[in-house]
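These are the residues of each chain, in order.
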Amino acid sequence: MARYETVIGLEVHIELKTRSKIFCDSTTEFGGDPNTHICPVCLGLPGTLPVVNKKVVEYAIRAALALNCQIAGFSKFDRKNYYYPDMPKNYQISQYDLPIAEHGYLDIDTGGGVKRIGITRLHMEEDTGKLVHQGTITTTPFSLVDYNRAGVPLIEIVSEPDLRSPEEACSYMEKLKAIVQYTGVSDCKMEEGSLRCDANISVRPAGSSKLGTKAEIKNLNSFRALQRALSYEVERQIEALEEGGRIVQETRTWDEGKGVTLSMRSKEHAHDYRYFPDPDLVPLVIEKEWVEDIRRSLPELPDARRRRYVMEYGLPGYDAAVLTSTREMADYFEDCVASYSNPKAVSNWIMGDLARLLNANNQEITACRIKPRQLASLLELMEKGTISGKIAKTVFEEMFASGKDAGVIVKEKGLVQISDEGAIAAVVAEVIASNPKSVEDIRAGKEKALGFLVGQVMKATRGKANPELVNRLLKERI
Amino acid sequence: MQLFRQTAHELHSLLINKEISAVELNEAVFDRIASVEEKVGAYLSRIRERALERARVIDEQIRKGEKILPLSGIPVAIKDNMCTDGITTTAGSKILANFVPPYSATVVKKLDAAGAVMVGKTNLDEFAMGSSTENSAFFTTRNPWDTSRVPGGSSGGSAAAVAAGEAVCSLGSDTGGSIRLPASFCGVVGMKPTYGAVSRFGLIAYASSLDQIGPFTRDVTDCALMLNIICGHDPLDSTSADFQAPDYTQFLINDVRGMKIGVPEEYMAEGIAPEVHGLIRKALELLESLGANVEYTTLPHTEYALPTYYLIAPAEASSNLARYDGVRYGLRAEDSEDIIDMFMKTRSQGFGSEVKRRIMLGTYALSAGYYDAYYLKALKVRTLIKEDFDRAFEKYDLLVSPVSPTTAFRIGEKTDDPLQMYLSDVCTISVNLAGIPGMSVPCGFAGGLPVGLQLMGRHFNEGTLLRAAYTFEQNTSYHKEFPAL
Ligand SMILES: [Zn+2]
């Protein structure tokens, strides 16, 4: 039995994809030349005032409801004060003691079954700008600031310290990402920074109920970084305790290149943020009816959808989980099944060939040139025997590259399956005649040799012969 | 006829009757500025060419027989903590000495749309922190009635400009008395409207939950005309009230019969100079003789107003002023080692001592471990002070008191003693904490210096203040006095 138990809680920042920023009309569009997506308000120029974008509040409530949170009837914005040049006002407008939502949860799958992870709170805040350096931060002669992201709306979702391993932390992140994506309030793209994660992690002797001293790990920019940093940190902390040392409460940063976490600042040097209610903004009074309207507009969420796939389509649990892991893939699946009603076959194709090609081409399923209807018609051609399974794979790749319909490709390339018994019989006779050794082997009971002969027939017909027919005819004649 | 001595409504008649032109009027005011500004020092910047161009447009409208608005062509001055598109806006601070905003405050836009002509930006205590304009980073404005004395603050420039005939009307901002005190010291009418009645968009913040813009005028009628322009909801300011502002001129009624007036005894207690006390009593007698019911009442938490204010206002200020760091605009200190050094040098060179004092006070009040004892406690006392007023207004239509315990003090008299300076606002601060409207109207002279009568009313009840002030004014002539400069 493990001598130590790991305790992890995650703080996740998610960028909301509203069209304008949280307190002004500037666009939230990603990219753009530095300092072009700005205005006097998000630059914090003297005399300007923030005005809450109602869409941001709606999106926050939407995400919170999907995460089973209770929505506060009364909420407010606070100022988090600290000096940093990427912050136009040297304070960040956030929510401190009255967040918009609290007391939520989500379920993750662990080896031991489903586990419920508590969500302490969800609150809204504004993003900061970013510093741009020539070279590295230590060698650069000056820093430049780009405020395009300043004022982009964020939600911060804080979990309870319910996670017990780096794997559970990753499952939680994946599930959180899936749920929030489903609600449509964020793209949750870690590579663009629209999904970010900090982790609080500690270890304690197994069986102890007292929490160990925690470290906060920052700069976890990918699922891989999350997994690696937490695994490293578990080992580091256990090693320190084993050697009779103690853990210092501190903030550490993950160094992806070196594969280690490094100390950033200790608790003694922690900021005093001097939170106080932002006097420029009035408290938010959230009407119950509005919350219920938003609740009614929520789509079916991943867990419900997964259960339905098992019940309604008879899919194995694994297939259902993979297909529903993103809303786009699940939608794709359902659109496909709508015109071709063999769910397992569709699932196999999506999880197999389609996933492989998307991965290899680093493509999103929404950008895929094969539309669900087209995949369905390919499967139909196969079912009707117009093409063989093997040909289907070739056609599929062609479809992926060109976006053409399966039928068109089959016609253009003359790939229609030969199911004319007479035509195939002639080829079979030819193959039998020219391979007496294999015929002997089959007669002697070496079934394997039959495969070779089938292959020869297929080769002669450039793969177009109906394999079932080929098999039957060969067996009949030998 | 000295045009610069007239009120806006008198000048409006002259304009529409074509007895004068807007250009003549504005030139008269600029001539006046040229002749007295050296003694008064009301302006940080003047905008003559632009003003005359605007005046020409108004004249053209008059010539064409178009109907002009009540303040069309009238020269107005703007306190230099309100942003003016393309015109330097300093907030009286070195740190913003070179700041040119690319936008105008909502009030400036509204005045512009109403045809008023902006003639210049007026001096103030740095970031509106002060009671005398001695905290201006540039120079001290002088009281037109006695140039060895302060005009009051922080809107001293705006008050002095109107008093000296260097503008017909002006805008100030009032966080703890910054309109009413200088109005009282300079013998003009000053109104701090209800919090939320006037947009703060474009007003460089000192203490956001207390700041409110309001007018200085030569009489109560002009005050109502200014309110008509500046009051109303602004979607750019979340704290601006969603209300339909009335036509304030409808309250210009010479009748206070039956009006119930309370006089909070805490405001008439020791510390009020005898000559001020006497003039206030005289004013109350007049109101009573005109049919108002006057009686003493109590606002029991008054003594806590000053300490409450000096926790809340600096706390907000410490955060509001954090943005002045040299990164994006304004002053940037030279020769910095790194970013922290740049922040520190910029702020230490850019801010004056009173601003630094309040930033430190506020930072302390918000610090971990002190928040509950100071800031949170102050918010609770603020609620008690509000409740004092709520109770009083169940009984009275209006509360009346002195604006300041004394008349204008000498320049330099209180600069070494911040606490004495803070006490100048002892009668005005509660009004800001409660968010109610407050007004100063001239009620006499003591030793040749003006004294102001403070009127305080219910939320959004500016009308009652105007009615009482108008009646008082119609039955006195203090507002017609003019300083001999
Ligand atoms: Zn903006």
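Quick caveat: nothing in here was measured; it's all calculated off a predicted structure.

1. Concerning the overall build of chain A
Looking only at helices and strands, chain A has 15 helices and 16 strands in total. What you see for chain A is a C-alpha radius of gyration of 29 Å, clearly larger than the 23 Å of a compact globule of 478 residues, by over 25%. Within the span of chain A, comprising 478 residues, buried residues form 40% of the whole. Summarising the internal contacts of chain A: among those between residues at least 6 apart in sequence, 68% fall at separations of at least 24.

2. Some details on the overall build of chain B
Scanning chain B from N- to C-terminus turns up 15 helices and 11 strands. In terms of C-alpha radius of gyration, chain B reaches 21 Å, essentially the compact-globule figure of 23 Å for 485 residues. Along the first, second and third principal axes, the C-alpha set of chain B runs to 65 × 50 × 45 Å. Sorting the 485 residues of chain B into buried and exposed places 61% on the buried side. Partitioning the intrachain contacts of chain B with sequence separation of at least 6 by distance along the chain shows that 76% fall at a separation of at least 24.

3. Observations concerning the UniProt feature "active site" (unreviewed entry) in chain B
Residue and element names in this part refer to chain B. Feature annotation in UniProt places "active site" (unreviewed entry) on Lys79, Ser154 and Ser178, given in this structure's numbering. Separation in sequence by 100 residues is not matched in space for these annotated residues, since their most distant C-alpha atoms are only 11.0 Å apart. With respect to the helices and strands, the residue Ser154 is situated in the loop between strand E3 (117-122) and helix H5 (156-163). Residue Ser154 is classed as buried on the basis of its C-beta count, with 34 C-beta atoms lying within 10 Å. For Ser154, the residues in contact, after removing those within four places along its chain, are Leu124, Asp125, Ala128, Met129, Gly130, Ser131, Thr133 and Ser178. Checked against the element boundaries, Ser178 lands in the loop between strand E4 (169-174) and helix H6 (180-186). By the C-beta count within 10 Å, which is 37 here, Ser178 ends up buried. Excluding its chain neighbours within four sequence positions, the residues that come into contact with Ser178 are Ala128, Gly153, Ser154, Ser155, Gly172 and Ser173.

4. Re helix H1 (residues 54-66) of chain A
Residue and element names in this part refer to chain A. Compared with an ideal rise of 1.5 Å per residue, which puts 13 residues at 18 Å, H1 spans 19 Å between its outermost C-alpha atoms and is within 8% of the ideal. By the criterion of burial, H1 is predominantly enclosed, with 10 of the 13 residues buried. For H1, the full list of buried residues reads Val56, Val57, Tyr59, Ala60, Ile61, Arg62, Ala63, Ala64, Leu65 and Ala66.

5. A look at the UniProt feature "domain: Asn/Gln amidotransferase" (unreviewed entry) in chain A
When the UniProt feature table is mapped to this numbering, "domain: Asn/Gln amidotransferase" (unreviewed entry) covers residues 331-478 of chain A. When the span residues 331-478 of chain A is considered, its composition is 72% helix and 0% strand, and the gap between its end C-alpha atoms is 49 Å.

6. Points about helix H12 (residues 372-395) of chain B
Along its 24 residues, H12 of chain B runs 34 Å from first to last C-alpha, staying within 8% of the 34 Å computed at 1.5 Å per residue. The sharpest bend along H12 of chain B measures roughly 25 degrees and falls at Ala378 of chain B. For H12 of chain B, the complete set of buried residues consists of Tyr374, Tyr375, Ala378, Arg382, Ile385, Asp388, Phe389 and Phe393 of chain B. On its buried side, H12 of chain B packs onto strand E15 (276-277) of chain A together with helix H9 (305-320), helix H11 (353-366) and helix H14 (429-434) of chain B.

7. Details of the nonpolar core
With 155 residues, the main nonpolar core has Val76, Val119, Leu455, Leu466 and Ala469 of chain B as its most contacted residues. The contacts of Val119 of chain B, once residues within four sequence positions are left out, are Asn26, Val29, Phe30, Arg46, Ile47, Ala51, Pro75, Val76, Ala77 and Ala167 of chain B. In this structure, Ile22, Val56, Met124 and Ile201 of chain A belong to the second largest nonpolar core, which totals 66 residues.

8. As for the UniProt feature "domain: Amidase" (unreviewed entry) in chain B
This chain's UniProt record puts "domain: Amidase" (unreviewed entry) on residues 25-466 of chain B. Segment residues 25-466 of chain B splits into 37% helix and 14% strand. End C-alpha atoms: 27 Å apart.

9. Section: the environment of Asp125 of chain B
All names here are of chain B. The residue Asp125 is located in the loop between E3 and H5 in this model. Considering only alpha carbons, one finds Asp125 and Thr106, 19 residues apart in sequence, at a separation of 22 Å. Setting aside chain neighbours within four positions, we find Asp125 in contact with Gly92, Gly130, Ser132, Thr133, Asn135, Ser136, Gly153 and Ser154.

10. With respect to the packing of helix H2 (residues 166-183) of chain A against helix H3 (residues 223-242) of chain A
Residues and elements named next belong to chain A. Where H2 contacts H3, the two axes come as close as 9 Å, and the packing angle between them is 155 degrees. On the basis of their axis angle, the class for H2 and H3 is roughly antiparallel. Relative to H3, H2 is oriented so that their crossing is right-handed. Mapping the contact onto sequence places Pro166, Ala169, Cys170 and Met173 in H2 and Phe223, Leu226, Gln227, Leu230, Ser231 and Val234 in H3.

11. Regarding the sheet that holds strand E5 (residues 91-94) of chain A
Residue and element names in this part refer to chain A. Strand order in this open sheet of three strands is E5-E4-E15, and the pairing throughout is antiparallel. Edge positions in the sheet fall to E5 and E15, since each of these pairs with one other strand and no more. Summarising the sheet, strand E4 (residues 78-81) and E15 pair through two bridges and their orientation is antiparallel. By the bridge assignment for E15, Asp78 is matched with Pro277.

12. Observations concerning the sheet that holds strand E1 (residues 4-15) of chain A
Residues and elements named next belong to chain A. Strand order in the open sheet formed by nine strands is E2-E6-E7-E10-E1-E11-E12-E13-E14, with mixed pairing between adjacent strands. Each having just a single partner strand, strand E2 (70-71) and strand E14 (260-266) make up the two edges of the open sheet. Of the strand pairs in this sheet, strand E13 (residues 250-255) and E14 are connected by six bridges, and their pairing is antiparallel. Of the residues in E14, the one forming a bridge with Asp255 is Val260. Contacts from H1 reach E2, strand E6 (101-110), strand E7 (113-126) and strand E10 (153-159) within the one sheet, and its direction differs from that of E7 by about 170 degrees. With respect to the sheet, H2 is in contact with E1, E6, E7, E10 and strand E11 (195-205), its orientation differing from that of E6 by roughly 120 degrees.

13. Re the domain arrangement of chain A
All names here are of chain A. By domain assignment, chain A separates into domain 1 (4-292), domain 2 (300-413) and domain 3 (421-477). Of note, the centres of domain 2 and domain 3, computed from C-alpha atoms alone, are 32 Å apart. At the interface, four residues of domain 2 touch four residues of domain 3. Taken together, the residues that form the side of domain 2 that touches domain 3 break down as one nonpolar, two polar and one charged.

14. Focus: the packing of helix H2 (residues 22-40) of chain B against helix H3 (residues 48-63) of chain B
Residue and element names in this part refer to chain B. Between H2 and H3, the least distance of the axes is 7 Å, while the angle of their chain directions is 155 degrees. By the angle between their directions, the pair H2 and H3 is classed as roughly antiparallel. Residues Ala22, Val23, Asn26 and Phe30 of H2 touch H3, and the partners they reach there are Arg48, Ala51, Leu52, Ala55, Arg56, Ile58 and Asp59. Partitioning the contact of H2 with H3 into residue classes produces seven nonpolar, one polar and three charged.

Procedures and definitions
- Residues numbered from 1 in each chain as written.
- Chains lettered and ligands numbered in written order.
- Predicted model: local features only at pLDDT ≥ 70, side-chain atom pairs only at ≥ 80, totals over all residues.
- Helix = DSSP H or I, 4+ residues; strand = E, 2+ residues; numbered from the N terminus.
- Rg over C-alpha atoms; globule rule 2.2 N^0.38 Å.
- Buried ≥ 20, exposed ≤ 12 C-beta atoms within 10 Å, placed from the backbone.
- Contact = placed C-beta atoms within 7 Å.
- UniProt positions renumbered as here; feature names shortened; annotations may be inferred.
- Expected span 1.5 Å × (residues − 1).
- Bend = angle between axes of the 7 residues up to and from the residue.
- Core = buried A, V, L, I, M, F, W, Y, C linked by C-beta atoms within 7 Å.
- Axes fitted to C-alpha atoms, helices over the stretch in contact; angles between N-to-C directions.
- Parallel < 35°, antiparallel > 145°, perpendicular 65-115°, else oblique.
- Left-handed = near helix turned anticlockwise from the far one by under 90°.
- Pairing = 2+ DSSP bridges.
- Domains from an automatic or database assignment.
- Nonpolar A, V, L, I, M, F, W, Y, C, P; charged D, E, K, R; others polar.

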